[in-house]
Amino acid sequence: MIQIRVNEQDAGQRLDKLLARYMREAPKSFLYKMLRKKNITLNGKKAEGREILQPDDLVKLFLSEETYEKFGGVRMNTGEASAREKQELPESRDGYILPDPVSGDIQPPAILYEDAHILLFNKPAGMLSQKAAPEDISLVEYLNAYLLSSGSMTREQMQLVRPAICNRLDRNTSGLVVAGKSLAGLQTMNQLLKERTVRKFYRCIVCGEVRADSHLRGYLRKDTRTNTVTVSKAPSDDAKPIETEYHVIVAANGLSLLEVHLITGRSHQIRAHLASAGHPILGDPKYGNPAKNKAYARSHGIHSQLLHAYRLELPQVEGALSYLSGQTFYAPVPDVFDALVASVL
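Values in this document were obtained by computation on a predicted structure and should not be read as measured data.

Q: Residues and numbers for the overall build of the protein chain, please.
A: Of regular secondary structure, the protein chain possesses 10 helices and 17 strands. Expressed as a percentage of the 345 residues in the protein chain, the buried residues total 48%. Of all intrachain contacts in the protein chain linking residues separated by at least 6 positions in sequence, the fraction that spans at least 24 positions is 64%.

Q: Run through the pattern of salt bridges, naming residues and quoting values.
A: A complete count under the given rule lists 13 salt bridges for this structure. Residue Glu313 is joined to Arg311 by a salt bridge in which the shortest nitrogen-to-oxygen separation is 3.0 Å. Accessibility expressed as a relative area gives 21% for Glu313, which makes it partly exposed. Several salt bridges converge on common partners, so that one network encompasses Arg199, Arg203, Glu259, Arg311 and Glu313.

Q: Explain the packing of aromatic side chains to me, using residue names and the numbers behind them.
A: Taken as a whole and judged by the stated rule, the model has four aromatic pairs. Considering the side-chain rings of Tyr310 and Tyr330, the 5.6 Å spacing of their centres and the 70° angle between planes classify their relative orientation as edge-to-face. Note that Tyr310 is positioned in strand E16 (residues 307-313) and Tyr330 in strand E17 (residues 328-330), a separation of 20 residues in sequence. The class of Tyr330 is partly exposed, set by a relative accessible area of 47%.

Q: An account of the environment of Glu48 is requested, with residue identities and associated values reported.
A: Position of Glu48 among the secondary structure elements: in the loop between strand E3 (45-46) and strand E4 (58-61). What makes Glu48 partly exposed here is its relative accessible area of 48%. If we ignore the near neighbours within four places in the chain, the residues touching Glu48 are Tyr32 and Leu35. Looking at Glu48, its side chain comes within polar contact range of the side chain of Arg50, at 2.5 Å.

Q: Would you mind going over helix H2 (residues 28-36) in detail, with residue names and values included?
A: One turn of the α-helix equals 3.6 residues, which is why residues spaced by three or four share an orientation. Among all positions in H2, only Phe30, Leu31, Met34 and Leu35 are buried. Down the axis of H2, the sector holding all buried residues measures 135°, keeping them to one side. The outward face of H2, more than 90 degrees from its buried face, is lined by the exposed residues Lys28, Ser29 and Arg36. Just downstream of H2 lies Lys38, where phi reads positive at about 65°.

Q: Run through the nonpolar core, naming residues and quoting values.
A: The biggest cluster of nonpolar side chains holds 75 residues, and the ones touching the most others in it are Met23, Val59, Leu61, Leu258 and Leu274. Every residue in contact with Leu258, bar those within four places of it in the chain, is listed here: Tyr202, Arg203, Cys204, Val206, Val210, Tyr246, His247, Val248, Ile249 and Leu274. One finds Cys207, Ile302, Tyr310 and Phe337 within the second-largest nonpolar core, a separate group that totals 15 residues.

Q: How would you summarise the side chain of Ser304 if you had to cite specific residues and measurements?
A: Along the polypeptide, Ser304 turns up in the loop between helix H9 (290-300) and E16. Residues within four places of Ser304 in sequence aside, it is in contact with Ala125, Asn172, Leu282 and Gly283.

Q: I'd like a description of unusual backbone geometry, backed by residues and values.
A: Unlike most non-glycine residues, Lys38 shows phi in positive territory, near 65°. Residue position: Lys38 is located in the loop between H2 and strand E2 (40-42). Residue Lys38 is classed as partly exposed on the basis of its relative accessible area, which comes to 43%.

Q: Give me the sheet that holds E3: which residues, what numbers.
A: Each strand in a sheet pairs with its neighbour through backbone hydrogen bonds, running either in the same direction (parallel) or in the opposite one (antiparallel). Spatial ordering of the open sheet is given by E1-E4-E2-E3, a layout of four strands whose pairing is antiparallel. In the strand order of this sheet, the two ends are held by strand E1 (2-5) and E3, each with one partner. The strands touched by helix H1 (residues 15-22) are E1, E2 and E4; relative to E4, the strand with the most contacts, the crossing angle is about 50°.

Q: Before we move on, can you summarise helix H5 (residues 139-150) with the specific residues and values?
A: With 12 residues, H5 should reach 16 Å at 1.5 Å per residue; the first-to-last C-alpha distance of 16 Å fits that figure. Here H5 lies mainly inside the structure; nine of its 12 residues are buried. Among the residues making up H5, those that are buried are Leu139, Val140, Glu141, Tyr142, Leu143, Asn144, Ala145, Leu147 and Leu148. Once H5 finishes, Gly151 follows within two positions and takes phi at roughly 85°, a positive value.

Q: I'd love a proper account of the packing of H1 against H2, names of residues and values included.
A: For the pair H1 and H2, the least separation of the axes is 11 Å and the interaxial angle reads 120°. Taken together, the axes of H1 and H2 lie oblique to each other. For H1 against H2, the interelement crossing comes out right-handed. On the side of H1, the interface is formed by Leu15, Asp16, Leu19 and Ala20, while H2 contributes Leu31, Tyr32 and Leu35. Taken together, the residues that form the contact of H1 with H2 break down as six nonpolar, no polar and one charged.

The rules behind these values
- Residues numbered from 1 in each chain as written.
- Predicted model: local features only at pLDDT ≥ 70, side-chain atom pairs only at ≥ 80, totals over all residues.
- Heavy atoms only, no water.
- Helix = DSSP H or I, 4+ residues; strand = E, 2+ residues; numbered from the N terminus.
- Buried < 20%, exposed > 50% of the residue type's maximum accessible area, 1.4 Å probe, protein only.
- Contact = heavy atoms within 4.5 Å.
- Salt bridge = Lys/Arg side-chain N within 4 Å of Asp/Glu carboxyl O.
- Phe/Tyr/Trp six-rings, centres within 6.5 Å; stacked < 30°, edge-to-face > 60°.
- Polar contact = N/O pair within 3.5 Å; in protein donor to acceptor, adjacent residues only side chain to side chain.
- Arc of directions from axis to C-beta.
- Core = buried A, V, L, I, M, F, W, Y, C linked by side-chain atoms within 4.5 Å.
- Pairing = 2+ DSSP bridges.
- Axes fitted to C-alpha atoms, helices over the stretch in contact; angles between N-to-C directions.
- Expected span 1.5 Å × (residues − 1).
- Parallel < 35°, antiparallel > 145°, perpendicular 65-115°, else oblique.
- Left-handed = near helix turned anticlockwise from the far one by under 90°.
- Nonpolar A, V, L, I, M, F, W, Y, C, P; charged D, E, K, R; others polar.

Here is the structure:
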């Protein structure tokens with residue numbers, strides 16, 4: 001007999017979905033047959049498979065180990081991982097799992113908040129949110145590495161519910177990134193972000209002295225070949241509507257510190273929208289002012305766009321993550337922001 005104790009990461013999903021993850025190669029007809037014959041039970045009772053699992057539920061599989069392994073079950077012991085697990089999950093080194101998956105001048109991401117369902121990072125500029133090439137180490141790899149090395153999750157749990165990043169930032173944009181650890185965390189945060197009920201605010205330093213707050217509207221078209229976007233005021237067939245709102249914090253000496261409310265959230269939206277309004281972000285290699293970028297690279301060591309995901313405001317949240325309703329999370333700006341504000345603004 002094999003027992004599965006449902007934890008926070010596994011909760012919130014249907015029983016048949018959990019079983020399908022543990023026994024990937026088993027036909028659905030086999031799983032439902034085992035449920036009907038009470039060879040698989042939930043909390044000691046017959047189950048149909050549609051039940052929504054709760055923490056501490058107990059699933060018992062009255063199956064032989066040979067049958068369980070035949071259908072590709074995740075190993076229940078904590079011994080050596082299978083070849084498939086080794087390919088999909090980070091390798092250990094000196095007893096830790098990828099303790100420092102970044103190199104050069106890029107600092108590891110700071111963990112701002114963590115509970116059973118979600119984790120919030122302060123991503124540094126220069127780190128990818130997700131892999132762009134097989135050899136890349138991104139925030140996703142760091143997430144998996146941290147959860148394994150800290151004991152927050154086991155390899156077996158990761159085979160069932162794979163933690164993932166819910167929102168992405170450009171490589172050279174720093175700040176708040178939300179990750180889901182459990183099925184409930186992933187589903188809830190992805191849905192909130194999709195519905196745009198999460199209010200996202202950025203801090204940026206732009207060229208020019210901006211004197212008034214503004215609510216910008218326009219249309220954004222992406223060129224996938226060059227990975228660039230263009231913004232126009234008139235609609236077109238291949239452009240999507242965008243909205244960007246900003247508040248001026250301080251402006252002096254040819255620069256401005258803005259707080260930007262990202263309303264629609266398209267690719268490169270803030271960078272391109274502000275540039276189209278005549279206020280490109282300092283250090284932006286794609287949409288910025290080359291002369292100012294070069295000058296501030298020499299004088300202040302600015303080598304990436306000064307754009308930072310600063311604040312997240314959550315709406316009313318239902319279900320397992322209801323305790324997060326109305327909460328606000330902050331990511332401190334990089335030191336280069338404070339240094340530039342102190343010396344120039």
